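Fold and contact review
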2 protein chains.
Amino acid sequence: MNDQQNLMIKVVLDNWYSSVKRSDAIFNSLTDEQLLQEAAPGRNRGAYLMGHLTAVHDAMLPLLGLGESLHPELLEPYVKNADSKTDNHTPQQLRQFWSEVNEAVASKFNALTTDEWLQKHTSVSAEDFAKEPHRNRLNVLLSRFGHLEYHRGQVAFLKEKTD
Amino acid sequence: MNDQQNLMIKVVLDNWYSSVKRSDAIFNSLTDEQLLQEAAPGRNRGAYLMGHLTAVHDAMLPLLGLGESLHPELLEPYVKNADSKTDNHTPQQLRQFWSEVNEAVASKFNALTTDEWLQKHTSVSAEDFAKEPHRNRLNVLLSRFGHLEYHRGQVAFLKEKTD
C-alpha cells in the first residue's frame, strides 16, 4: 500500500469519526425527555433513532469480519421493527450502548490496514467479489457514514429552536 | 495510479451518485405544495433545502477548480441566509436548477482522474496542502456526500406517512 492509498482511507475515516462526534454532541445536548419525543409529528422518536444507529453500527462488526456484535438484541426493536413508541430501553441504556458500540467499532477500525479496507465484506461471496471488487469494507463504511448523516439530520430537529 | 486507487475513487463516487439519485427520487415524489411545507414545525421548508443543496453542490465547481458556478445567486438566499419562509424562487425553478447543477457537477466529476481527486482544492494554499495532504478534492466530495444525506433525511419527512 502506498501513501496515496493510506491517505484515501484516512480521509474516509476522518469523515466517519467527525460524523460520530457530531452525533455524540447532539445526543449529549438532548435531555432524556427530548430524546423520547418524535423528530417530527408522527415520525421516529429520538430514542428509536439512537437505538437504530447503535444497532446498525454494531452490525458492522460481523459484516466487516471484525467480531461479534455487542448488542444483537437491538436489531429486533430498532431495525427489523418500526418505532413502537414505547420504551424498549431507557434513554440511559441507549446512551450507554451508543458509546460502547462506537468505541468498539473505532477500536476495530483503527487496527485495520489499508489493504484490509479493500478486502471483501462477509455478505459477498469470493466469486462475486472477484467480479465486483467494489463490494469491500470501505464501501460499507461509506454507506454507514451516509446513513448516520441521514438520521443525524433528523435528530437535529429535536434540539431547541434558537430563533 | 493503480487499480486499487481507481477502485477507491469509484466507491466514493458511486455513493455520491446514489445519494443524488435518491434525493432526486424524493424531490420528484413531492408536489410543489409539499415542497413549500416545513420539514418539521418551525424548521426549513423543502424548497429552502432544495435551494440550499443546489447552491452547495454548485459551489463545488469553483471550490474544486472545475469552473464557475451556474447559479451563484442562490448562495445569498439559501446558504448565507436562513429560510425566509417566502418564495425566492418557485418550486419549478428550483427543480430546474437542482437538475442542471447536478448534471454539470457529474459531467465535471466524470472527467477527473484519480490523481486529480487527490489534488488540493482551491481554498487551501500550496503551503498548507504540503502539510495537510488530506485537504484534497476527495475530502470535499465526502463532506458534501454527508451534507446531502443529512438534509435528505430531513426532506424525507415531507413524504406522506404510509402507516
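Everything below is about the structure shown above.
Residues numbered from 1 in each chain as written. Chains lettered and ligands numbered in written order. Predicted model: local features only at pLDDT ≥ 70, side-chain atom pairs only at ≥ 80, totals over all residues. Heavy atoms only, no water.

1. Here we look at the overall build of chain A
Note the cut-off: Helix and strand definitions follow DSSP, with helices as H or I runs of at least four residues and strands as E runs of at least two, each counted in order from the N terminus. C-alpha atoms define the radius of gyration in this analysis, and the globule rule sets the expected value at 2.2 Å times the number of residues to the power 0.38. To sort residues, take the accessible area from a 1.4 Å probe on protein chains only and compare it with the maximum for the residue type: under 20% means buried, over 50% means exposed, and anything in between is partly exposed. The contact criterion used throughout is that any non-hydrogen atoms of two residues lie within 4.5 Å. What sets the accessible areas is the Shrake-Rupley method with a 1.4 Å probe; for residues, cover comes only from the shown protein chains.
When you go through chain A residue by residue, the secondary structure sums to 8 helices and 0 strands. Its C-alpha atoms give chain A a radius of gyration of 17 Å, within 12% of the compact-globule value 15 Å for 163 residues. Its C-alpha atoms give chain A principal-axis dimensions of about 50 × 35 × 25 Å. By residue count, 52% of the 163 residues in chain A fall in the buried class. Sequence separation of at least 24 residues holds for 70% of the intrachain contacts in chain A that already meet a minimum separation of 6. Carbon and sulfur atoms make up 48% of the accessible area of chain A, which totals about 7,500 Å².

2. What to know about the packing of helix H1 (residues 3-29) of chain B against helix H8 (residues 137-155) of chain B
All names here are of chain B. Worth spelling out the cut-off: Note on definitions: angles span 0 to 180 degrees between N-to-C directions of axes, and those axes are lines fitted to C-alpha atoms, for helices only across the stretch in contact. For classification purposes, an angle smaller than 35 degrees is called roughly parallel, one larger than 145 roughly antiparallel, one from 65 to 115 roughly perpendicular, and anything else oblique. When the near helix sits turned anticlockwise from the far one by under a right angle, the crossing is termed left-handed; a clockwise turn instead gives a right-handed crossing.
Interaxial distance between H1 and H8 falls to 10 Å at its minimum, and their mutual angle equals 25 degrees. Accordingly, the angle class assigned to the pair H1 and H8 is roughly parallel. Handedness of the H1/H8 crossing: left-handed. Residues Ile9, Val12, Leu13, Asn15, Trp16, Ser19, Val20, Arg22, Ser23, Ile26 and Phe27 of H1 form the contact with H8, whose own contacting residues are Leu138, Leu141, Leu142, Arg144, Phe145, Leu148, Glu149, Arg152 and Val155.

3. Considering the relation of the copies chain B and chain A
Heads up, the rule is: Only residues with pLDDT of at least 70 in both copies contribute their C-alpha atoms to the least-squares superposition of the copies.
Rotating chain B by 180 degrees and translating it 0.0 Å along the rotation axis places it on chain A, where the RMSD comes to 0.0 Å. Here the symmetry operator amounts to a two-fold rotation axis. Minimal C-alpha separation from the rotation axis in chain B is found for Tyr150 of chain B, amounting to 2.1 Å. Comparing interface residues between copies, 100% of those in chain B also lie at the interface in chain A; the contact surface is shared.

4. Re helix H3 (residues 46-63) of chain B
All names here are of chain B. In plain terms, the rule: The span one expects for a helix is its residue count, reduced by one, times 1.5 Å.
Between its terminal C-alpha atoms H3 stretches 25 Å, which fits the 26 Å expected from 18 residues at 1.5 Å a residue. For H3, the buried fraction is high: 16 of the 18 residues fall into the buried class. One or two residues past the end of H3 sits Gly65, with phi positive at roughly 70 degrees.

5. Considering unusual backbone geometry
Phi at Lys85 of chain A takes a positive value of approximately 65 degrees, unusual for a residue other than glycine. Tracing the backbone through its elements, the reader meets Lys85 of chain A in the loop between helix H4 (75-80) and helix H5 (91-110).

6. Comments concerning the environment of Lys10 of chain A
Residue and element names in this part refer to chain A. Position of Lys10 relative to the elements: it lies in helix H1 (residues 3-29). Residue class for Lys10 comes out partly exposed when judged on its relative accessible area of 38%. Spatially, the C-alpha atom of Lys10 lies 27 Å from that of Arg95, the residues being 85 residues apart in sequence.

7. Examining empty space enclosed by the protein
Residue and element names in this part refer to chain A. For clarity, the cut-off: A pocket, in this scheme, is an open set of points on a 1 Å grid over the protein atoms alone with protein on both sides within 12 Å along at least 5 of 7 lines, while a cavity is a set where a 1.4 Å probe fits but cannot get out; residues line either one if an atom lies within 4 Å of a point. Grid points are joined across faces, edges and corners, and a volume is the space filled by probe spheres set on the points.
Throughout the structure, instances matching the rule amount to 1 cavity of 30 Å³ or more. Size it by volume and the largest cavity reaches roughly 50 Å³. Forming the boundary of the largest cavity are Arg45, Ala47, Tyr48, Pro77, Tyr78, Ala82, Asp83, Ser84, Thr86, Asp87, Asn88 and His89. For the lining of the largest cavity, the elements supplying multiple residues, two or more each, are helix H3 (46-63) and H4.

8. Notes on the interface of chain B and chain A
As a reminder, the rule being used: Once two parts are brought into contact, the accessible area they lose, counted with a 1.4 Å probe and summed over both, makes up the buried area. Definition used for salt bridges: Asp or Glu carboxyl oxygen within 4 Å of a side-chain nitrogen of Lys or Arg. Gly counts as polar in this scheme, as do all residues outside two lists: the nonpolar Ala, Val, Leu, Ile, Met, Phe, Trp, Tyr, Cys and Pro, and the charged Asp, Glu, Lys and Arg.
If you look at the interface, chain B gives 37 residues, while chain A gives 37 residues. It is Met8, Arg43 and Phe157 of chain B in chain B that bury the most area against chain A; as a group they hold 22% of the surface buried on that side. Where chain B touches chain A, the interface holds 0 salt bridges. Elements that contribute at least two residues to the side of chain B that touches chain A include exactly H1 and H8 of chain B. It is H8 of chain B that contributes the most residues to the side of chain B that touches chain A, 11 residues altogether. In terms of residue class, the side of chain B that touches chain A is built from 18 nonpolar, 12 polar and 7 charged.

9. Concerning the packing of aromatic side chains
As a reminder of what qualifies: The pairing test for Phe, Tyr and Trp rings, Trp by its six-membered ring, is centres within 6.5 Å, and the orientation test on the planes gives stacked under 30 degrees, edge-to-face over 60, and tilted for anything in between.
In this structure the tally under the stated criterion is 10 aromatic pairs over all chains. Plain terms: the ring middles of Phe109 of chain A and Trp117 of chain A are 5.0 Å apart, the flat faces sit at 70 degrees to each other, and that makes the pair edge-to-face. According to the relative accessible area criterion, Phe109 of chain A is buried, its value standing at 1%. Residue Trp117 of chain A is classed as buried on the basis of its relative accessible area of 1%. Taken together, a centroid distance of 5.1 Å and an interplanar angle of 70 degrees make the contact between Phe27 of chain B and Trp98 of chain B edge-to-face.

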